[in-house]
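Examination of the molecular architecture
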Amino acid sequence: MSEAIRFEDKVVIVTGAGGGLGRAHALLFARHGAKVVVNDLGGSAQGEGANASAADRVVEEIRQAGGTAVANHDSVTDGDKVVQQALDSFGRIDVVVNNAGILRDKTFHKMDDADWDLVYRVHVEGAYKVTRAAWPYMREQAYGRVIFTASTSGIYGNFGQSNYGMAKLGLYGLTRTLALEGRKNNILVNAIAPTGGTRMTEGLIPPQVFEQLKPELVSPLVIYLASEQCQDTSGLFEVGGGWMGKVRWERSLGAGFDPKAGFDAEDVAANWQQICNFENAAHPADNMEALKEMMANLQKYAG
Ligand code: NAI
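Residues numbered from 1 in each chain as written. Predicted model: local features only at pLDDT ≥ 70, side-chain atom pairs only at ≥ 80, totals over all residues. Heavy atoms only, no water.

Formally: UniProt positions are given in the numbering used here, feature names are shortened, and annotations may be inferred rather than shown by experiment.
Looking up the protein in an unreviewed UniProt entry gives the name SDR family oxidoreductase, with the organism given as Stutzerimonas zhaodongensis. According to the UniProt record, the Subcellular location (unreviewed entry) comment for the protein reads "Peroxisome". Of the protein, the UniProt comment under Sequence similarities (unreviewed entry) reads exactly: "Belongs to the short-chain dehydrogenases/reductases (SDR) family."

1. With respect to the overall build of the protein
Rules: Helical segments are the DSSP runs of H or I of at least four residues, strand segments are the runs of E of at least two, and each set is numbered from the N terminus. For this measure, only C-alpha atoms enter the radius of gyration; the expected value for a globule follows 2.2 Å times N^0.38, where N is the number of residues. Using a 1.4 Å probe on the protein chains alone, a residue whose accessible area is under 20% of its type maximum counts as buried, one over 50% counts as exposed, and one in between counts as partly exposed. The contact criterion used throughout is that any non-hydrogen atoms of two residues lie within 4.5 Å. Exposure was quantified through the Shrake-Rupley algorithm and a 1.4 Å probe, taking into account, for residues, occlusion by the shown protein chains and nothing else. Neither His nor the chain termini are counted; the positive set is Lys and Arg, and the negative set is Asp and Glu. Note on charges: their place is set at NZ of Lys, CZ of Arg, CG of Asp or CD of Glu.
Summing up its helical and strand segments, the protein has 11 helices and 8 strands in all. A globule of 303 residues ought to have a C-alpha radius of gyration of about 19 Å, and the protein, at 22 Å, matches this closely. Reported as C-alpha extents along the three principal axes, the dimensions of the protein are approximately 70 × 45 × 40 Å. Taking all 303 residues of the protein together, the buried fraction comes to 46%. Considering only contacts within the protein whose residues lie at least 6 apart along the sequence, 70% involve residues at least 24 apart. As displayed, the protein has an accessible area near 15,800 Å², and 53% of this comes from carbon and sulfur atoms. Averaged over its 29 positive side-chain charges, the protein has a centre that lies 4 Å from the centre of its 36 negative ones.

2. As for a nonpolar patch on the surface
The condition that has to hold: The patch calculation keeps residues exceeding 30% relative accessible area without a salt bridge and links them within 9 Å when they carry like charges or within 5 Å when they are nonpolar (Val, Leu, Ile, Met, Phe, Trp, Tyr). Salt bridges are defined as contacts in which a side-chain nitrogen from Lys or Arg sits within 4 Å of a carboxyl oxygen from Asp or Glu.
A surface patch of nonpolar side chains, amounting to about 380 Å² of accessible area, comprises Leu291, Met294, Met295 and Leu298. Locating methionine 294 in the fold gives a position in helix H11 (residues 287-300). Overall, methionine 294 belongs to the exposed group, its relative accessible area being 52%.

3. A look at the site of the ligand
To keep it simple, the criterion reads: Working definition: residue near molecule or strand if any one of its non-hydrogen atoms lies within 4 Å of it. N or O atoms closer than or at 3.5 Å make up a polar contact, with two conditions inside protein: a donor-capable atom paired with an acceptor-capable one, and, for residues adjacent in sequence, both atoms drawn from side chains.
The immediate surroundings of the ligand are formed by 30 residues, with Leu21, Asp40, Asn99, Tyr164 and Thr198 found nearest. A distance of 2.9 Å separates an oxygen atom of the ligand from a polar atom in the side chain of lysine 168. Between the ligand and threonine 198, the relevant distance is 2.5 Å, taken from an oxygen atom to a side-chain nitrogen or oxygen of the residue. Residue assignment for the shell around the ligand shows that the elements contributing at least two residues are helix H1 (20-31), helix H4 (113-141) and helix H6 (162-182).

4. Some remarks on empty space enclosed by the protein
For clarity, the cut-off: A 1.4 Å probe that fits but cannot get out identifies a cavity on a 1 Å grid over protein atoms alone, an open set with protein on both sides within 12 Å along at least five of seven lines counts as a pocket, and a residue lines either if it has an atom within 4 Å of a point. Grid points are joined across faces, edges and corners, and a volume is the space filled by probe spheres set on the points. All residues other than Ala, Val, Leu, Ile, Met, Phe, Trp, Tyr, Cys, Pro, Asp, Glu, Lys and Arg, Gly among them, are scored as polar; the first ten of these are nonpolar and the last four charged.
This structure, assessed with the given rule, holds 1 cavity of 30 Å³ or more. Within this model, the largest cavity holds a volume of roughly 50 Å³. Around the largest cavity, the lining residues are Thr15, Val76, Asn98, Asn99, Ala100, Val122, His123, Gly126, Ala127, Thr149, Lys168 and Leu171. Among the secondary structure elements, those contributing two or more residues to the lining of the largest cavity are H4 and H6. Grouping the constituent residues of the lining of the largest cavity by class yields 5 nonpolar, 6 polar and 1 charged.

Right under this line is the structure:
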């Protein structure tokens, strides 16, 4: 058994923690000793309306169980207010779990600006605003953990979720760069792509499977990623149903052409199999590694 993971002196914001996965994360953080800001606007799964009772109920549950929590009812798009709540209530902010989310599913053919914009605003702008407001405090104290909630719909695509997929993979792009920028101040940034039986997935997942995909099964990974013990950054983890695994980029070794002699679309066609051949594929971890093959090709034909 490894060392106990505790958060006694830590303050954690979980956004969208009034229900579903966020609620499960908040309850588990409190059990691990964290002081928790339970943020939730309390609207519908499509992002309509607002209701303070969602966050209040979870705070009550935490307090009943002997934990410490405070409710916050602001939208994540007012991220500075969410962070201010943490500072006013507990005097610091150590961990941000960006979890709040909505769905506005439509095929792209029927997508309108309002559905595109609202999904972007809640997932991407909301996560940006909360994290941006917490960032200076994390830098100052040389400690921070940020978790973004991506989705397999972003990683792999999902019919009818162009807006949602765009937002969710956007959060992974944000994860990668914040991981680079945060590292020297001990701010570690990771993303999860969860699957859980919540109101968001009700009716989409067969009932027997839905029952088994308990939101609580996602939270231990979130707690670990938020802990001092975790030294990983820039990761993307698929998690659900008691299983979890790490995702990474894979790129074929590709094909190189002589940039000086020139090459045309027919050369691309003739080499298509090689371009798409994943045998001995590379797994670039950063930009420099990603550019290596390209630079090697330039060098090969230089002179
Ligand atoms: P949920 O609908 O149960 O929870 C989302 C919560 O976010 C709700 O309580 C809602 O009131 C809150 N929220 C929405 N807009 C908000 C805003 N502007 N400000 C503050 N709070 C707001 O859904 P679920 O499944 O728990 O989703 C949690 C996160 O996990 C979301 O980001 C979702 O996109 C993501 N996710 C969930 C999957 C699943 O299988 N349940 C799959 C992939 C990703």
